[in-house]
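# Structural overview for review
If you want the building blocks of each chain, they are given just below.
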Amino acid sequence: MHKRVKKAVFPAGGLGTRFLPATKASPKEMLPIVDKPMIQYAIEEAITCNIEEFIIITGKYKRAIEDHFDSAYELEENLKKTDKKKLLEEITRLNHINFAYIRQKAALGLGHAILCARPFVDDEPFAVLLSDDVIEPEETLLLDMVGLYEKLGCSILALEEVPVTEIHKYGVIGGIASEDGIYKINDLIEKPTKEKAPSNLAIIGRYILTPEIFGILEKLTPGRGGEIQLTDALRELLKKQSIYGYIFKGKRYDAGDKFGYLKATINFALKNPEVSEPFTQYLQDIAQMLKNKRHNEDRKSVNYSIPLKDNII
Ligand code: G1P
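Below is a short write-up of the structure. (Residues numbered from 1 in each chain as written. Predicted model: local features only at pLDDT ≥ 70, side-chain atom pairs only at ≥ 80, totals over all residues. Heavy atoms only, no water.)

## Some points on the packing of aromatic side chains
Geometry of an aromatic ring pair is reported as the spacing of the ring centres plus the angle between the planes. Heads up, the rule is: Planes of paired rings set the category: under 30 degrees apart is stacked, over 60 is edge-to-face and the rest tilted, where pairs are Phe, Tyr or Trp rings (Trp by its six-membered ring) whose centres lie within 6.5 Å.
This model, assessed by the stated rule, comprises 8 aromatic pairs. Through successive ring pairs, a cluster of aromatic residues spans Phe10, Phe54, Phe69, Phe99 and Tyr101.

## Focus: the site of the ligand
Our working definition: Here a residue counts as near a molecule or strand whenever at least one of its heavy atoms sits within 4 Å of it. In protein, a polar contact means a hydrogen-donor-capable atom and an acceptor-capable atom, both N or O and within 3.5 Å, with residues adjacent in sequence counting only if both atoms are side-chain atoms; elsewhere, any N or O pair within 3.5 Å suffices. Cavities and pockets were defined on a 1 Å grid built from protein atoms only: a cavity is a group of points that admits a 1.4 Å probe but offers it no way out, a pocket is an open group of points flanked by protein on both sides within 12 Å along at least five of seven lines, and a lining residue is one with an atom within 4 Å of any such point. Just a note on the criterion: a molecule sits in a pocket or cavity if more than half of its atoms are within 2 Å of the grid points.
In the vicinity of the ligand, the residues found are Leu110, Leu130, Asp133, Tyr170, Gly171, Glu190, Lys191, Ile203, Gly205, Tyr207, Gln229 and Thr231. Take Asp133: an N or O atom from its side chain is 2.7 Å from an oxygen atom of the ligand. Ile203 is positioned such that a nitrogen or oxygen atom in its backbone is 2.6 Å from an oxygen atom of the ligand. Among the detected pockets, the ligand sits in the largest pocket.

## Thoughts on the state of the cysteines
Heads up, the rule is: A pair of sulfur atoms, both from cysteines and within 2.5 Å, is called a disulfide here.
Across all of its chains, the model carries 0 disulfides by this definition. Sulfur of Cys49: no disulfide; nearest cysteine sulfur belongs to Cys154 and is 18 Å away.

## Side note on the pattern of salt bridges
This is how the line gets drawn: A pairing counts as a salt bridge when a side-chain nitrogen of Lys or Arg comes within 4 Å of a carboxyl oxygen of Asp or Glu. Each residue gets one of three labels from its accessible area relative to the maximum for its type: buried under 20%, exposed over 50%, partly exposed in between, using a 1.4 Å probe on protein chains only.
All told, the structure shown has 23 salt bridges when counted by the stated rule. As a salt-bridge pair, Lys169 and Glu166 come within 3.2 Å of each other at their nearest N and O atoms. Of the residues examined, Lys169 reaches a relative accessible area of 32% and is grouped as partly exposed. Owing to a relative accessible area of 26%, Glu166 belongs among the partly exposed residues under this scheme. Across the salt bridge formed by Glu190 and Lys191, the nearest N and O atoms sit 2.9 Å from each other.

## Concerning the pairing of strand 10 (residues 182–190)
Formally: Only strands joined by at least two bridges in the DSSP assignment are considered to pair. Here a helix means four or more residues in a row that DSSP labels H or I, a strand means two or more in a row labelled E, and each is numbered from the N terminus.
Relative to strand 10, strand 9 (residues 171–179) is paired through 8 bridges, and the arrangement is antiparallel. The partner of Gly174 across the bridge, within strand 10, is Asp187. Between strand 9 and strand 10, which pair antiparallel one after the other, the connecting turn spans 2 residues, and Gly181 there sits at a positive phi close to 80 degrees.

## Topic: helix 9 (residues 230–237)
Of all 8 residues in helix 9, 6 are buried, a share of seventy percent or more. Those residues of helix 9 lying buried are Leu230, Thr231, Asp232, Ala233, Leu234 and Leu237.

## Some points on a positive patch on the surface
Heads up, the condition is: Here a patch means residues that are over 30% exposed by relative accessible area and free of salt bridges, tied together within 9 Å if like-charged and within 5 Å if nonpolar (Val, Leu, Ile, Met, Phe, Trp, Tyr). Areas reported as accessible are Shrake-Rupley estimates using a 1.4 Å probe. Residue values count occlusion only from the protein chains shown. Charge counting follows a simple rule: Lys and Arg are positive, Asp and Glu are negative, and His as well as the terminal groups are ignored. The atom standing in for a charge is NZ when the residue is Lys, CZ when it is Arg, CG when it is Asp and CD when it is Glu.
Taken together, the side chains of Lys60, Arg63, Arg103 and Lys105 define a basic patch exposed on the protein surface. Mapped onto the secondary structure, Arg103 falls in strand 5 (residues 99–103). Note on Arg103: relative accessible area 42%, which makes it partly exposed.

## Focus: the layout of surface pockets
Using the following cut-off: Grid points are joined across faces, edges and corners, and a volume is the space filled by probe spheres set on the points. We call Asp, Glu, Lys and Arg charged. Ala, Val, Leu, Ile, Met, Phe, Trp, Tyr, Cys and Pro are nonpolar, and the rest, Gly among them, are polar.
In this structure, the largest pocket occupies an estimated 1,000 Å³ of space. The set of elements that each furnish at least two residues to the lining of the largest pocket consists of helix 5 (110–116), strand 11 (201–209), helix 9 and strand 13 (252–254). At 4 residues, strand 11 tops the list of elements feeding residues into the lining of the largest pocket. The residue makeup of the lining of the largest pocket, split by class, is 13 nonpolar, 12 polar and 11 charged. In this structure, the second largest pocket encloses a volume near 880 Å³. Along the walls of the second largest pocket sit 31 residues, with Asp35, Lys36, Gln40, Glu90 and Arg93 positioned nearest its centre. It is helix 4 (residues 85–92) that provides the largest number of residues to the lining of the second largest pocket, a total of 5 residues. Classifying every residue of the lining of the second largest pocket gives 12 nonpolar, 6 polar and 13 charged.

Structure (structure tokens):
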């Protein structure tokens, strides 16, 4: 019987350069998607998998994360007095959860962030959730991965097929399909060129890891971008243990990127009971406006294409 996955690590110490200037003094993980910060979606996803211990790796300018998951006495009292029950329920829903915070002293990479969690994780298997990979709340990706870990007892990585043009943004695996949607991994490369990529199967930000990864991370030298890369550590782990990949076919947004963030915002807003109706109407209006604009531009370009001498007569 394998140990149960009870702990989850949420790396949140990165610099968030893709969202500057917004992230100059505020954490990227606190950027809201509609009305909830990105990291809260990841925490709620872990709750659905019966995770009991939540370990957040923070860094400079990340204190807002701790405040967000703390109780807010004054605000709660105010909501009680003004009888705003729904809001009160919303902001106290996670008050019972115990978070552990570890400060990553320098942004030395994802692998280094994971290594910082070692004293809390110790010798247990654990989940890793990258909060800028936003998964639709109705998906069961992490739960499925936990189930697969319970069966196989080794590290499990979430994978997604990505277009070749996107491959350089991800850790990419090589492997052999073992069952439908499950790959036995035999190679891993962090952010390869499309020529060097072993496949178009990219690692997305959900992992179940065995604790042996820590010993490897401890000795690892910096890799791509001068950072301690988790993908490099996993390639080393592969020499000692099997690693499996689980293909995710549901909806994920790369909200660490401006375009992905906007897509997530639009899709979540379309489902938000408070705004979905007017927002749908608004998007329809915009779509119509863009259609009209294109139509007018097409007409203009037809006019321009009439040779000048024909116009003169
Ligand atoms: C990190 C990992 C990469 C993985 C990606 C998923 O990269 O290093 O292997 O594919 O997350 O989002 P980052 O997006 O932090 O550059």
